[in-house]
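Descriptive analysis of the structure
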Amino acid sequence: MNFNPALSMMKTTRYVAGLALIMLLGSCRNERQKLSYTTFRTGRGWGYDILVNGATAIHQETKPALSADSGFALEDQASAAAKLVIRKLKERKGPSLSQEEVLFITSRP
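Since we're looking at a predicted model, the values are computed, not measured. (Residues numbered from 1 in each chain as written. Predicted model: local features only at pLDDT ≥ 70, side-chain atom pairs only at ≥ 80, totals over all residues. Heavy atoms only, no water.)

Notes on the overall build of the protein
Looking only at helices and strands, the protein features three helices and three strands. When its helices and strands are written in sequence order, the protein yields α-β-β-β-α-α. With 109 residues in all, the protein has 33% of them scored as buried. Within the protein, counting contacts between residues at least 6 apart in sequence, those at least 24 apart form 50% of the total. Entry remark: accessible area of the protein is about 7300 Å², with carbon and sulfur atoms responsible for 56%. (Helix = DSSP H or I, 4+ residues; strand = E, 2+ residues; numbered from the N terminus. Buried < 20%, exposed > 50% of the residue type's maximum accessible area, 1.4 Å probe, protein only. Contact = heavy atoms within 4.5 Å. Areas by Shrake-Rupley, 256 points an atom, 1.4 Å probe, with all protein chains shown as cover.)

Quick notes on helix α2 (residues 75-90)
Under the 1.5 Å per step criterion, the end-to-end length of α2 is 23 Å for 16 residues, consistent within 8% with the ideal 22 Å. Where α2 is concerned, the buried positions are Gln77, Ala78, Ser79, Ala80, Ala81, Ala82, Leu84, Val85, Ile86, Lys88 and Leu89. Trailing α2 by a residue or two, Arg92 shows a phi angle of about 65°, which is positive. (Expected span 1.5 Å × (residues − 1).)

Notes on the sheet that holds strand β3 (residues 55-60)
Ordered by their spatial adjacency, three strands build an open sheet running β1-β2-β3, and the pairing between neighbours is antiparallel. Strands with a single pairing partner mark the edges of an open sheet, and in this sheet they are β1 (35-42) and β3. Here the strands of the sheet are splayed against their neighbours by 30° on average, with no regard to which way each runs. As judged from the five bridges shared by strand β2 (residues 45-52) and β3, these two strands associate in the antiparallel manner. Within β3, the position partnered with Tyr48 by the bridge is Gln60. (Pairing = 2+ DSSP bridges. Axes fitted to C-alpha atoms, helices over the stretch in contact; angles between N-to-C directions.)

Comments concerning the environment of Gly43
Note on placement: Gly43 falls in the loop between β1 and β2. The exposed category is assigned to Gly43, whose relative accessible area is 87%. Sequence spacing of Gly43 and Gly71 is 28 residues, and the spatial spacing of their C-alpha atoms is 8.4 Å.

Comments concerning the nonpolar core
Generally speaking, soluble globular proteins have nonpolar side chains that are buried together. If you look at the biggest cluster of nonpolar residues, it comprises 18 residues, and the most contacted ones within it are Tyr48, Ile50, Phe72, Ala81, Val85, Leu97 and Ile105. Every element with two or more residues in this core is listed here: β2, α2 and α3 (99-107). Examining the composition of this core, we find that eight residues originate from one element, α2, more than from any other. (Core = buried A, V, L, I, M, F, W, Y, C linked by side-chain atoms within 4.5 Å.)

Observations concerning the pattern of salt bridges
Across all of its chains, the model carries five salt bridges by this definition. Of the charged contacts, one joins Arg44 and Glu61 as a salt bridge, the two residues approaching to 3.1 Å between their closest N and O atoms. Within this pair, whereas Arg44 is found in the loop between β1 and β2, its partner Glu61 is found in the loop between β3 and α2, the two being separated by 17 residues in sequence. A relative accessible area of 36% means that Arg44 is categorised as partly exposed. Residue Glu91 pairs with Lys93 through a salt bridge whose shortest N-O separation is 3.2 Å. Owing to a relative accessible area of 41%, Glu91 belongs among the partly exposed residues under this scheme. Several salt bridges share partner residues, and in doing so they unite Arg44, Glu61 and Asp69 into one network. (Salt bridge = Lys/Arg side-chain N within 4 Å of Asp/Glu carboxyl O.)

Written out as structure tokens, the structure is:
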């Protein structure tokens, strides 16, 4: 059996995302929970944090759903992605973004 580091990283990422989803959805049941986001610059572009009552619940340094290991090219793109994640959480959906959603966000000027 061969060890594939990329596959192992994907499995770990999915596990962490699933755990974050369980924590976020559980904490969002209380209407007093405040969801917000911040953007930040990395060496590979822009990322975002999703905050629940001011505490970081999701830290996203790279474009989600894509195999590329780079951040968003523009801060506005990272902001749009974070806003979409928050909207999904408020609708009681999972926080993950699809490839199509990320490609749409990154294709806008």
